[in-house]
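Structural characterization, general
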Amino acid sequence: MKKQTLALGLMAALGFSTTTVAAGAAQSIHVYKSPTCGCCEDWIDHLEDNGFEVEATNTNDMGRIKADAGLLAGLGSCHTAFVGDYVIEGHVPADDIKRLISEAPRATGLSVPGMPIGSPGMEMGDRKDHYKVILFNEAGQTRIFSQHN
């Protein structure tokens, strides 16, 4: 109970809400990626394997996509996606995206900065680096949404 209270207090301090999205939230996602990026294709496969309908757009202007999305400095990765009103940056696990949609916090989106080994689309044998999924908002606030490996 203390952890739950602490988490709610932290979310309130950062300006995030826990409003629930209406039942039947869309599970479609639009991914922007470089035409030559293999790990982006693997991440798309991960999303499709987890029930998302994916539209992919190849572009050589990822910088503009990220800037238009309001991505904060230091949160970038190789691909940028949009699901509902949220930005999804990098190798975010499908379950975290589903949780984001379900909890519907007031936020810009989620990011897995960089390209951590063992994240969806970045599998390399048995190696699994620890990584964090970051929730961020337009005010520049961030918090850890989840941790993996």
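In this text the structure is predicted, and so the values were computed from the model without any measurement. (Residues numbered from 1 in each chain as written. Predicted model: local features only at pLDDT ≥ 70, side-chain atom pairs only at ≥ 80, totals over all residues. Heavy atoms only, no water.)

Regarding a negative patch on the surface
Rule in force here: Each patch is built from residues lacking any salt bridge and having more than 30% relative accessible area; the joining distance is 9 Å for like charges and 5 Å for nonpolar side chains (Val, Leu, Ile, Met, Phe, Trp, Tyr). Accessible surface is estimated by sampling points in the Shrake-Rupley manner with a 1.4 Å probe; for residues, cover comes only from the protein chains shown. Just to be clear on terms, a salt bridge is a Lys or Arg side-chain nitrogen sitting within 4 Å of an Asp or Glu carboxyl oxygen. In this count, Lys and Arg are taken as positive residues and Asp and Glu as negative ones, while His and the chain termini are left out. For the purpose of locating charges, the reference atoms are NZ of Lys, CZ of Arg, CG of Asp and CD of Glu. Runs of H or I in DSSP of at least four residues are treated as helices and runs of E of at least two as strands, each being numbered from the N terminus. When a residue's accessible area, from a 1.4 Å probe over protein chains only, is under 20% of the maximum for its type it is buried; when over 50% it is exposed; and in between it is partly exposed.
Together, Asp42, Asp45, Glu48, Asp49 and Glu123 make up a region of like negative charge exposed at the surface. Summarising the element assignment, aspartate 49 is placed in helix α2 (residues 38–49). For aspartate 49, a relative accessible area of 67% gives the class exposed.

What about the pairing of strand β5 (residues 109–112)?
The condition that has to hold: Crossover handedness is defined here as right-handed if the route from the first strand over the helix to the second strand goes clockwise, with the strands pointing away from the viewer. A pair of strands is considered paired only if DSSP assigns at least 2 bridges between the two.
Across the two faces of β5 the burial is the same, with Gly109 and Ser111 and Leu110 and Val112 all buried. Each parallel crossover has a hand, and for strand β4 (residues 86–90) linked through helix α4 (residues 94–103) to β5 it is left-handed. Sheet topology note: the β5/strand β6 (residues 131–136) ladder contains three bridges and is antiparallel. When the sheet's bridge partners are listed, serine 111 is paired in β6 with isoleucine 134.

Concerning the confidence of the model for the chain
To keep things clear, this is the line we draw: The predictor attaches a confidence to each residue, and that confidence, scored 0 to 100, is pLDDT. Any two residues whose heavy atoms approach within 4.5 Å are treated as being in contact.
Mean pLDDT over the chain works out to 87, with 83% of the residues at or above the 70 mark. Predicted confidence for residues 1–26 stays below pLDDT 50, and this span has 36 contacts to residues more than four positions away or in other chains.

Concerning the pattern of salt bridges
One pass over the full model with this rule turns up six salt bridges. Aspartate 61 is the partner of arginine 64 in a salt bridge, and the nearest nitrogen-oxygen pair spans 3.2 Å. Linking aspartate 68 and arginine 64 is a salt bridge whose minimum nitrogen-to-oxygen distance equals 3.2 Å. In this pair, aspartate 68 and arginine 64 both sit in helix α3 (residues 62–69), four residues apart, roughly one turn of the helix. Relative accessible area serves as the criterion here: at 58%, aspartate 68 is assigned to the exposed category. Residues participating in the shared-partner salt-bridge network are Asp61, Arg64 and Asp68.

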